[in-house]
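Fold and contact review
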Amino acid sequence: MAASQSSRVAVVTGAASGLGWSIARRLAGDGFAVVLVDRNPAVQDKAAELAQGGAAASPVVADLADRESVSSLAAGILRTHGRCDVLVNNAGTHFKTPEGQRFRFDQVGLREWDLSIALHMTAPMLLCQAFLPGMKERGWGRVVNIASRAARTYIQQSSAFYTASKSGMVGLTRAIAGEFAPFGITCNSVAPGRIRTPLTDISSEDVKRFSLNELPVGRLGEPDEVAAAVSFLAGDQAGFITGAVIDVNGGGFMAS
Ligand SMILES: NC(=O)c1ccc[n+]([C@@H]2O[C@H](COP(=O)([O-])OP(=O)(O)OC[C@H]3O[C@@H](n4cnc5c(N)ncnc54)[C@H](O)[C@@H]3O)[C@@H](O)[C@H]2O)c1
């Protein structure tokens, strides 16, 4: 028998900013107890803000690019909360050159490559390994991986390490979805297009041109629009959706 929503725990990574903060706020509003994880200590203020509003929310400061800190973070969450029912692997970044540009393929170094794999693939995999056994025991669980439109189609502005690691995240989604489908656990990806967050350079001419002229909706997406998709996938109503990729991209595929 599944727990009631109010006793379910949701873990959201990268929750100090942008999409992660919107997702944490939305899941708290849905009635989950939310653990907000980020390497940025500002995540403590974000959790306090939710708690002041009456939500059960707590912060964890951890660097998800570091394997040992991911493992101790997961163990700490299980010690403190006893469970994780919804895992949202959202923390991510797109490293830029010192000039603020994408890395051409011949410029890609192992540092950016390894960090991207660590953050977008290894940390989600380790967190799943830590939390899926409990979900399986309880017969209910949700994993949502925040991938990218770059995992779905060629994006010229995306560096190879970002495209490759976000595509790996979609593969990981399928592997987990298949293996855990018989146990009441779903695993899906959400693939955002350009969303207005600190990661998006909204002042750049390229972004303005793209969003106004090339996207059917004629604007950038808002973080709450991604959070709404995650909220849907995290609920009981989405139990028949697994291994899917939900594209939140303003009709971007129709434009390309
Ligand atoms: N904004 C977009 O247009 C867009 C589009 C496609 C995909 N995404 C993906 O959505 C996710 C969220 O992006 P965002 O736009 O909200 O960016 P953001 O920069 O606003 O937020 C990312 C958060 O992740 C945290 N983070 C980064 N590296 C970390 C690490 N090593 N350990 C712990 N925390 C770390 C940051 O501190 C930050 O709080 C990312 O995975 C990104 O790739 C964003």
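Residues numbered from 1 in each chain as written. Predicted model: local features only at pLDDT ≥ 70, side-chain atom pairs only at ≥ 80, totals over all residues. Heavy atoms only, no water.

Per an unreviewed UniProt entry, the recorded name for the chain is SDR family oxidoreductase, and the organism is Variovorax defluvii. The chain has a UniProt comment under Sequence similarities (unreviewed entry) that states "Belongs to the short-chain dehydrogenases/reductases (SDR) family." (UniProt positions renumbered as here; feature names shortened; annotations may be inferred.)

The next subject is the overall build of the chain. Across its full length, the chain carries 8 helices and 7 strands. For 256 residues, the compact-globule estimate of 2.2 N^0.38 gives 18 Å, and the chain sits close to it at 17 Å. The proportion of buried residues among the 256 residues of the chain is 49%. Across the chain, contacts joining residues at least 24 apart in sequence account for 71% of those joining residues at least 6 apart. Taking the 24 positively charged and 23 negatively charged side chains of the chain as two groups, their mean positions are separated by 3 Å. (Helix = DSSP H or I, 4+ residues; strand = E, 2+ residues; numbered from the N terminus. Rg over C-alpha atoms; globule rule 2.2 N^0.38 Å. Buried < 20%, exposed > 50% of the residue type's maximum accessible area, 1.4 Å probe, protein only. Contact = heavy atoms within 4.5 Å. Lys, Arg positive; Asp, Glu negative; His and termini not counted. Charge placed at Lys NZ, Arg CZ, Asp CG, Glu CD.)

This paragraph deals with the site of the ligand. Surveying the vicinity of the ligand reveals 29 residues, the closest of which are Ser17, Asp38, Asn90, Tyr162 and Thr197. One of the side-chain nitrogen or oxygen atoms of Lys166 is found 2.7 Å away from an oxygen atom of the ligand. Thr200 is positioned such that a nitrogen or oxygen atom in its side chain is 3.4 Å from a nitrogen atom of the ligand. Considered on its own, the ligand offers 820 Å² of accessible surface; in the complex 92% of this is hidden by protein. Listed by contribution, the elements that provide at least two residues to the shell around the ligand are helix 1 (18-29) and helix 5 (160-180). (Near = heavy atom within 4 Å. Polar contact = N/O pair within 3.5 Å; in protein donor to acceptor, adjacent residues only side chain to side chain. Areas by Shrake-Rupley, 256 points an atom, 1.4 Å probe, with all protein chains shown as cover.)

Moving on to the sheet that holds strand 5 (residues 141-146). Strand order in the open sheet formed by 7 strands is 3-2-1-4-5-6-7, with parallel pairing between adjacent strands. Two strands bound the open sheet, and with one partner strand each, they are strand 3 (57-61) and strand 7 (245-248). Ignoring which end each strand starts from, the neighbouring axes of this sheet average 15° apart. Direction of pairing for strand 5 relative to strand 6 (residues 185-192): parallel, over a ladder of 6 bridges. What sits directly across from Ile146, in strand 6, is Val190. In this fold helix 7 (residues 223-234) packs onto strand 4 (86-89), strand 5, strand 6 and strand 7, with an angle of close to 170° to the strand it touches most, strand 6. (Pairing = 2+ DSSP bridges. Axes fitted to C-alpha atoms, helices over the stretch in contact; angles between N-to-C directions.)

Next up on the list: the nonpolar core. Where a protein is soluble and globular, its nonpolar side chains tend to be buried together. Among the nonpolar cores identified, the biggest contains 31 residues, and Ile23, Leu27, Leu36 and Val190 are the most heavily contacted of them. Contributing elements (two or more residues each) for this core: strand 1 (9-13), helix 1, strand 2 (33-38), helix 2 (43-52), strand 4, strand 5 and helix 7. In contact with Leu27, not counting residues within four places along its chain, are Ala10, Val12, Phe32, Val34, Val86, Val88, Ser231 and Ala234. By size, the runner-up hydrophobic cluster in this structure holds 29 residues, among which are Val37, Phe131, Leu172 and Cys187. (Core = buried A, V, L, I, M, F, W, Y, C linked by side-chain atoms within 4.5 Å.)

Across all of its chains, the model carries 1 cavity of 30 Å³ or more by this definition. Of the voids in this model, the largest cavity is the one considered here, and its volume is about 40 Å³. Lining the largest cavity, in full, are Thr13, Leu64, Asn89, Ala91, Leu119, Ala123, Pro124 and Leu127. Tallied by class, the residues present in the lining of the largest cavity amount to 6 nonpolar, 2 polar and no charged. (1 Å grid on protein atoms, 1.4 Å probe; cavity = no way out; pocket = protein on both sides within 12 Å on 5 of 7 lines; lining within 4 Å. Points joined across faces, edges and corners; volume = space filled by probe spheres on them. Nonpolar A, V, L, I, M, F, W, Y, C, P; charged D, E, K, R; others polar.)

The next point concerns helix 7. With 12 residues, helix 7 ought to run about 16 Å at 1.5 Å a step, and its terminal C-alpha atoms sit 16 Å apart, in line with that. Along helix 7, the residues classified as buried are Pro223, Val226, Ala227, Ala229, Val230, Ser231, Leu233 and Ala234. Buried positions along helix 7 lie against helix 1, strand 4, strand 5, strand 6 and strand 7. (Expected span 1.5 Å × (residues − 1).)

Here we take up helix 2. Of all the residues in helix 2, the buried ones are Val43, Ala47 and Leu50. Taken end-on, helix 2 shows its buried residues confined to a sector of 60°, consistent with a single buried face. Away from its buried face by more than 90 degrees, helix 2 exposes Asp45 and Gln52. Among the structural elements, helix 1, strand 2 and strand 3 are those in contact with the buried residues of helix 2. Positive phi shows up at Gly54, right after helix 2, with a value of about 100°. (Arc of directions from axis to C-beta.)

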